[in-house]
Amino acid sequence: MAKISIDLKKGSIHKEAPKEHIIGIDLGTTNSLVAYVEDNQAYTIADSCGKSALIPSVVYFDHNDEPHVGTEAKDKLITQASRTIYSVKRLLGKSYQDLNEVQSHLGYQIIDQDEDQLVKIRVGDKFYSPIELSALILKKLKEMAERHFATSVSKAVITIPAYFNDSQRQATRDAGKLAGLDVLRIVNEPTAASLAYGIGTSREDAEVIVVYDLGGGTFDISILKIEDGIFEVLATNGDTFLGGDDIDRAILEHWIKKYHITNLNDNKSMVQRIRLLAETAKKSLSIHQYFESDDGQFQLTRTELNQLIAPLWQKTLSLTKACLEDSGLQLDDIDQVILVGGSTRTPYIKERVAEFFQLTPNDTLDPDQVVALGAAIQADILAGNRKDMLLLDVTPLSLGIETIGGLMDTIIPRNTKIPARAGRQYTTSVDGQTNLKVSVYQGERDLVSDNRKLGSFVLSGIPPMATGLPKIEIQFILDADGILRVKAMELRSGIETEVEIKSQYGITEEEMAHMLLSSIQNAQSDMDTRALIEAQTEAKNILVHSEKFLLQNASIFDTETQEQLRTHMKALEVAIASADKDLINTKMEHLNAFSAPLAQIAMDYNIAKALKGKSI
Ligand code: ADP
Ligand code: MG
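Conventions used here
Residues numbered from 1 in each chain as written. Chains lettered and ligands numbered in written order. Predicted model: local features only at pLDDT ≥ 70, side-chain atom pairs only at ≥ 80, totals over all residues. Heavy atoms only, no water. pLDDT = per-residue confidence, 0-100. Contact = heavy atoms within 4.5 Å. Near = heavy atom within 4 Å. Polar contact = N/O pair within 3.5 Å; in protein donor to acceptor, adjacent residues only side chain to side chain. Areas by Shrake-Rupley, 256 points an atom, 1.4 Å probe, with all protein chains shown as cover. Helix = DSSP H or I, 4+ residues; strand = E, 2+ residues; numbered from the N terminus. Buried < 20%, exposed > 50% of the residue type's maximum accessible area, 1.4 Å probe, protein only. Pairing = 2+ DSSP bridges. Lys, Arg positive; Asp, Glu negative; His and termini not counted. Salt bridge = Lys/Arg side-chain N within 4 Å of Asp/Glu carboxyl O. Axes fitted to C-alpha atoms, helices over the stretch in contact; angles between N-to-C directions.

> What am I meant to see in the confidence of the model for the chain here?
Averaged over every residue, the pLDDT of the chain is 84; the share at 70 or more is 84%. Residue range residues 503-509 is modelled with pLDDT below 50. Its contacts to residues more than four positions away, or to other chains, number 24 contacts. In this model residues 511-516 is a low-confidence stretch, pLDDT under 50, and it forms ten contacts with partners more than four residues away in sequence or in other chains.

Here it is as structure tokens:
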């Protein structure tokens, strides 16, 4: 974790190494992974057994309601179906109404809670939101990373499908927060996959990339245009119930027919066992031509499998064609094809994709790891370790300024590709106004008080003019690093001001330190106020005593000495009124320095007088 120290004297903040690890997370429907970058190379992190980086996105609640995540949970899918939650990603950010069609596909119980309309899942007598369940998976990945680095990890980049709407994106972010992660960025899965292949990491000519992602239960097809380091999703399509699971089911049905298996209706666990065997056969046939189960009971050839896959391929093909049409591009506009998702290991799929696009697809990286690797690269860019690379993004929230009545006036709308620049003209609201305060906000709400304040500054020196005459141009310049510069210019007079505002997502340690610093600075000013009041009080006391002294000893001192004393007293009076603590103290010292010898003289005189009056 980066340490931040505050220099109280200078009021500045120092950031110290050791460098913090920012992890990349692929939160998948079927499997999730965590990855990181070291010396420009991306790696995934394996589970504690060191066997696999793929963590099944499954949560099992034991009878004490303790959650178990990953392989141990997947093992319970058959025996503990009602306490084992899978495919939770399909439910993220969804209301019950969205889910009517989904319910029948899932082996656990979904309920709707009237208050928030967001889906909850029932396990025994407990209810869990998809955000909580996703957080459990994220926590597991976080812990894997922490074990790997032997240090705590708090920052992450998480990927999501390109089609995810705002509510789904927000839900993903919330799940991260709940898992104790500061989610620095949410990245589209196809963008991450392209990054993993190093596409778009340098300023080259525009490229058009197709990302064909066939996972366990979902199919996503995306067409991206990458230019100047900016990733633009031209079109996206898919089917949220199409994937490797369908192949497993097709194999299962094929075997049931082939081997005349009956009485399966009352034997659910038998079905599940054959289904798992079907998956094993499918995976094996990605390398071999022939599969036979250990007991010799089930056999499958590559040719048979290909026939079973063909209808699924046809479905993905028509979705791909629709996506291509939406993008307005032709087949020969496509420069590269990337294969993502475990199911693209199937040779049949690979061949058909190559055939359709007339291109050899990128498949040198593990298709089930490529998204996580890309997320790690994005994390590395955010960590500032890749100066050669651009930060490639759209701005996730609108940026604007506060106008009369506390209203948000958006200058750069959300989802604008960055870098971006936009400006707008304003004028004054009061006659002769010479200063204009510009407050910058981020967010989608109409009232700035509901949005996040990024900073403010004052454009000063506007020549006094009648209301509405000054032409004040406010310009927002958002660079590829997400850093916002705001310029304010009065066009008639040419005066201008420019400030840099760092737009960050969530509260970072640095921001926290800034808040701390400002409270410390306020503490300082509180202390100053108190010191002033104390000095004023002391000075007033001295004046009262001096006045008394003069009155009592008027006969001792000549008028000149008395005048000089009065001058010092007058100066102290002025200092008290000035509310300048240092001036008060100085004048107090002067008065004391002048009056101390007088007091001595007066004392000696009075003692002598007293002695004189006494007869010994
Ligand atoms: P998701 O993105 O939905 O989390 P993954 O990308 O991890 O899913 O893909 C999981 C799917 O990939 C499963 O259906 C699994 O059976 C399939 N799969 C994994 N390895 C292979 C393989 N070698 N051959 C064919 N399919 C595979
Ligand atoms: Mg995936």
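> How do you make sense of the site of ligand 1 when you look at a structure like this?
Taken together, 17 residues surround ligand 1, and among them T30, N31, E279, K282 and S286 come closest. K282 places a side-chain nitrogen or oxygen 2.7 Å from an oxygen atom of ligand 1. In the complex, 90% of the free accessible area of ligand 1, which totals 580 Å², lies under the protein chains. For the shell around ligand 1, the secondary-structure elements that each account for two or more residues are α6 (244-258) and α7 (268-284). Among the elements that take part in the shell around ligand 1, α7 stands out by supplying three residues, more than any other.

> Please clarify how the pairing of strand β11 (residues 119-123) should be interpreted in this entry.
Residues in a regular strand point their side chains to alternate faces of the sheet. A large share of β11 lies buried, amounting to four of its five residues. Note: β11 against strand β12 (residues 126-128), three bridges, orientation antiparallel. Paired with V123 across the two strands is K126, which belongs to β12. The turn joining β11 and β12, which pair antiparallel and follow one another in sequence, is formed by two residues; a positive phi near 60 degrees is taken by G124.

> Explain the side chain of E473 to me, please; I cannot follow it from the model alone.
Along the chain, E473 falls in strand β28 (residues 472-478). For E473, which is buried and forms no salt bridge, the nearest opposite charge comes from R421, at a distance of 7.6 Å.

> Help me understand the sheet that holds strand β16 (residues 219-227) in this model?
What holds strands together in a sheet is hydrogen bonding between their backbones, with the strands either parallel or antiparallel. Taken in spatial order, the four strands line up as β17-β16-β15-β20 in an open sheet, and their pairing is mixed. Looking along the sheet, the strands with just one partner apiece sit at the ends: β17 (230-239) and β20 (336-340). Strand-to-strand twist of the sheet, defined as the mean angle between neighbouring strand axes without regard to direction, takes the value 20 degrees. Of the strands in this sheet, β15 (207-214), β16 and β17 are in contact with helix α8 (residues 302-327), which crosses β17 at around 140 degrees.

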